[in-house]
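Residue-level structural notes
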Amino acid sequence: MTPGTDDRPGRWLDAQLHLLDRQVLDVDDVPVAVVDDLELSEVPFDQEISIDTPPPVITALLSGAAIATRIFGGRPPESRMQRTPWAAVVDIGVVIKLAVGRDTLDLAWTERWVRDRIIGRIPGGRHIPGRKRSEHSGSDERGGS
Amino acid sequence: MKKSFGVALGILTAIGGFVDIGDLVTNAVVGSRFGLSLGWAVVVGVIGICVFAQMAGRVAAVSGRATFELIRERLGPRVAVLNLSASFMINLMTLTAEIGGVALALQLVSSVDYLLWVPFAALAVWLVIWRVKFSIMENVAGLVGLLLIGFAVGLFLLSPDWGELGRQAVQGVSTDTEKVSTYWFFAVALFGAAMTPYEVFFFSSGAVEEGWTEKDLAQSRANVLVGFPLGGLLSLAIAGCAAVVLLPQLISVTALSQVMLPVAMAGGKLLLAVIILGIVAATAGAALETTLSAGYTIAQFLGWPWGKFRPPAQAARFHLLMIICLIVGVGTLLTGVDPIQVTEISVIFSAVALPLTYLPILIVANDPEYMGEHVNGQALNGIALIYLVIILAAAIAAIPLLIITGAGQ
């Protein structure tokens, strides 16, 4: 993650190529979001940066309102950012995997709201299509295959 | 044994699922005005959808990633959102046309006005999406859709002058009464009808739904390379029927009943019943596919959970979105807009939006990070690049042709 001249072991990642717009999966491999933007640690603004200052690091994955600013420019207010702490990331491949479940994440609140208020209330809404028994387990099993 | 059954089933489903309202209407309109002289456009379109669907299916099976996730990853959010808006609107138009097609076919059976059938058709589509297993949905719609072979039977029963049909197909422009621009307008329409973007969204997302892996690549290839061309023959049979019966009498197709008229003349009530059942299955199947595609594209762009392998409550926004799309489609039809005209416009815009979807799949199919050893071979890349040029040409020409010809009037 750390760019620069050090020779610590690890992978080089291009934020644009390997992080932005990648699918994020939770601990059960259920999609939770796409990386809409990245939050970096504070860089002092309008000041001389001394040569031994540590480079900024990624502190969070952003989603939600951030997508609008990627498309139209600008910057969303701090309160509208849906942050997933970088510490929750466990794997970066063609998808980004988290070590936490989706129900602990703020950014999944719209999904939960629609589930609890609308879809979950329609008869049959909690059954896998084509299966008789309802399955409430959080795991991401495929129906009937 | 079980495996060969699976392959056969997949191929039959692909044949039956190939034709939708766009193919039905466009082929009949073209057959009634140009005979088989535009048959080459169907062939070009069918080869194109084979190349495209084969790549998209392979990408989905190997990487486990569906088309729209990749479009955003590869093109970035700005281009992807343009692409999403265009694809979504066209998809919604196609969805509306398909539901209209189901309702029109039911009207022919029941003599009840199609507008009364529209809400029931949409409700049935929703119930299937809500409750029926993906593979059953696919297989039933595809197998009943096979009844459209009735068009080929009808063409044989009409015992046409095959030499004359062959001459039309080989010579190109046949009629002196039609303008060159109109001819090319319908060439683009046939191309768009064969290569509708939703087919690829559905095909690649369906591969994820059914949990395809590298082991299923052979099956996927068989479905596409055998099933789609045979489906394309059904398209040609529809055009052929119209060419034999409607062209000489200068009847232009403006209603679904005229699409079936030649078959009714050739095979009587029985064959007509078969065809109507086939049309109901084909349009209902396509209505299911377009509704799901509407959900797939947006859910994949925004990273929502999606898919019929989850209970709806585990993919809540995906299901809510599909319900809204169905309501919008029903609302549009209930304004009294002609479903046949919606279809004709939607196939043209399909051609316009195609490059946006085709290019990212072509790029990812060549990316070893996603594909490992299953990247495109050189021969396939050669064909795929030729198609990139054709697709771009059709997309650029589509709207000018639409304006010059006044939508082919």
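First, a word on what this report is: a plain description of the structure on this page. (Residues numbered from 1 in each chain as written. Chains lettered and ligands numbered in written order. Predicted model: local features only at pLDDT ≥ 70, side-chain atom pairs only at ≥ 80, totals over all residues.)

**A closer look at the overall build of chain A**
As a reminder of what qualifies: Only DSSP runs of H or I with at least four residues qualify as helices, and only runs of E with at least two residues qualify as strands; both kinds are numbered from the N terminus onward. Backbone-placed C-beta atoms define the burial measure: a residue is buried with 20 or more other C-beta atoms within 10 Å of its own, exposed with 12 or fewer, and partly exposed in between. Note that contacts rest on C-beta atoms placed from the backbone: two residues are in contact if these are within 7 Å.
Scanning chain A for helices and strands turns up three helices and seven strands. In sequence order, chain A lays out its α and β elements as α-β-β-β-β-α-β-β-β-α. Counting over 145 residues, chain A shows a buried share of 23%. For chain A, contacts bridging at least 24 residues in sequence account for 46% of all contacts bridging at least 6.

**Some thoughts on the pairing of strand 4 (residues 58-64) of chain A**
Residue and element names in this part refer to chain A. The condition is simple: Any two strands between which DSSP finds at least two bridges are classified as paired.
In this structure, strand 3 (residues 37-40) lies alongside strand 4, joined through four bridges in antiparallel fashion. When the sheet's bridge partners are listed, leucine 38 is paired in strand 4 with leucine 61. Here strand 4 pairs with strand 5 (residues 81-85) via five bridges, running antiparallel. Within strand 5, the position partnered with glycine 64 by the bridge is methionine 81.

**Here we look at the environment of Arg310(B)**
Assignment of secondary structure puts Arg310(B) in the loop between helix 12 (256-302) and helix 13 (316-334). By C-beta crowding, Arg310(B) is classed as buried, having 22 other C-beta atoms within 10 Å. Sequence-distant contacts of Arg310(B), that is, excluding residues within four places in its chain, are made with Ile128(A), Pro305(B) and Ala315(B).

**Re helix 7 (residues 150-157) of chain B**
Residue and element names in this part refer to chain B. For the record, the criterion: Here the arc refers to the set of directions running from the helix axis out to each C-beta atom.
Listed in full, the buried residues belonging to helix 7 are Gly150, Phe151, Gly154 and Leu155. The buried side chains of helix 7 occupy one side of the element, clustering within an arc of 145 degrees when seen end-on. Where helix 7 is buried, its residues touch helix 11 (217-245) and helix 12. Immediately downstream of helix 7, the backbone of serine 159 shows phi near 35 degrees, a positive value.

**Digging into the sheet that holds strand 1 (residues 23-25) of chain A**
All names here are of chain A. The cut-off we apply is this: All axes are obtained by fitting lines to C-alpha atoms, using only the stretch in contact for helices, and the reported angles, taken between N-to-C directions, cover 0 to 180 degrees.
Taken together, four strands build an open sheet; the order of strands is 2-1-7-6 and the sheet is mixed. With partners counted over all chains shown, the strands left at the sheet margins are strand 2 (31-34) and strand 6 (89-92), one partner each. For this sheet, the mean angle separating the axes of adjacent strands, direction not counted, is 25 degrees. Where strand 1 and strand 2 come together, three bridges link them in antiparallel fashion.

**Topic: the nonpolar core**
Residue and element names in this part refer to chain B. For the record, the criterion: The nonpolar core criterion groups buried Ala, Val, Leu, Ile, Met, Phe, Trp, Tyr and Cys residues into a set whenever they are joined through C-beta atoms within 7 Å.
Counting 178 residues, the largest nonpolar core has Ile99, Val188 and Leu190 as the members making the most contacts within it. With 25 residues, helix 12 is the single largest residue contributor to this core. Setting aside residues up to four positions removed in sequence, leucine 190 forms contacts with Thr26, Val30, Leu38, Ala41, Val42 and Gly45.

**Some thoughts on helix 14 (residues 339-364) of chain B**
Quick note on the threshold: Expected span of a helix: the number of residues minus one, times 1.5 Å.
In this model, helix 14 of chain B (26 residues) spans 36 Å end to end at C-alpha, consistent with the 38 Å of a helix rising 1.5 Å per residue. Buried residues dominate helix 14 of chain B, accounting for 21 of its 26 residues.

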